Amino acid sequence: KRKFEMGRPSALCKLGPKRVRPVRCRGGNMKYRALRIDGGNFSWGSEHCAKRVRILDVVYNATSNELVRTKTLTKNSIVQIDAQPFKQWYLKK
């Protein structure tokens, strides 16, 4: 077995105050693994608008209901966000 084939366990990022840990990678580079996060960049596709907003809750996850119950953020999670920045942008437009 080779070092470069090594995998790592998934972070299973939760909803909460930001907690990010550095992880050493190949070549001494660093990746940053999010363990908890409370916001992100979301886009309103039909209006061509992207804003940084707070995530309020995990509503649905096709993988498992346990991920919804524990508020785990994954790639396919459906989340409820704070729409206020989008409302302000839309009213100003």
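None of these values were measured; they are calculated from a predicted model.

In this section: the pattern of salt bridges. Under the defined criterion, the tally for this structure stands at 2 salt bridges. For the salt bridge of Glu47 with Lys93, the shortest nitrogen-to-oxygen distance reads 2.9 Å. Residue Glu47 is located in the loop between strand S4 (39-44) and strand S5 (49-60), and its partner Lys93 is located in the segment after helix H2 (84-92); the two are separated by 46 residues in the primary sequence. Look at Glu47 and you get partly exposed, because its relative accessible area is 22%. Residue Lys93 is classed as exposed on the basis of its relative accessible area, which comes to 61%. With its nearest N and O atoms 2.7 Å apart, the salt bridge here joins Lys71 to Asp57. Residue Lys71 is found in the loop between helix H1 (65-69) and strand S6 (78-81), and its partner Asp57 is found in strand S5; the two are separated by 14 residues along the sequence. We classify Lys71 as partly exposed; its relative accessible area is 33%.

Right, let's talk about the state of the cysteines for a bit. Cysteine pairs can be linked by a disulfide, which is a covalent bond between their two sulfur atoms. The final tally for this structure, using the stated rule, is 0 disulfides. Sulfur of Cys13: no disulfide; nearest cysteine sulfur belongs to Cys25 and is 17 Å away. The exposure class of Cys25 is buried, given its relative accessible area of 14%.

To continue, consider the sheet that holds strand S1 (residues 14-15). Remark on secondary structure: sheet strands pair via backbone hydrogen bonds, oriented parallel or antiparallel. Reading across the sheet, the 3 strands line up as S1-S3-S2 and stay open at both edges, with mixed pairing between neighbours. The open sheet is flanked by S1 and strand S2 (19-24), the only strands paired with a single partner. For S2 and strand S3 (residues 30-37), the ladder comprises 6 bridges, and the chain directions are antiparallel. Paired with Arg21 across the strands is Arg33, a residue of S3.

Rules used in this analysis
Numbers given for residues are sequential positions, taken from 1 along each chain in its written order. Given that this is a predicted model, residues contribute local features only at a pLDDT of at least 70 and side-chain atom pairs are listed and counted only at 80 or more, while totals for whole chains, interfaces and linings are drawn from all residues. To get the side-chain values, all heavy atoms of the structure are used, and hydrogens and water are removed first. A carboxyl oxygen of Asp or Glu within 4 Å of a side-chain nitrogen of Lys or Arg is what we treat as a salt bridge. The helix count covers DSSP runs of H or I at least four residues long, the strand count covers runs of E at least two residues long, and both are numbered beginning at the N terminus. Burial classes follow relative accessibility: with a 1.4 Å probe on protein chains only, a residue under 20% of its type's maximum area counts as buried, one over 50% as exposed, and anything between as partly exposed. Any two cysteine sulfur atoms lying within 2.5 Å of each other are counted as a disulfide. At least two DSSP bridges between two strands are required for those strands to pair.

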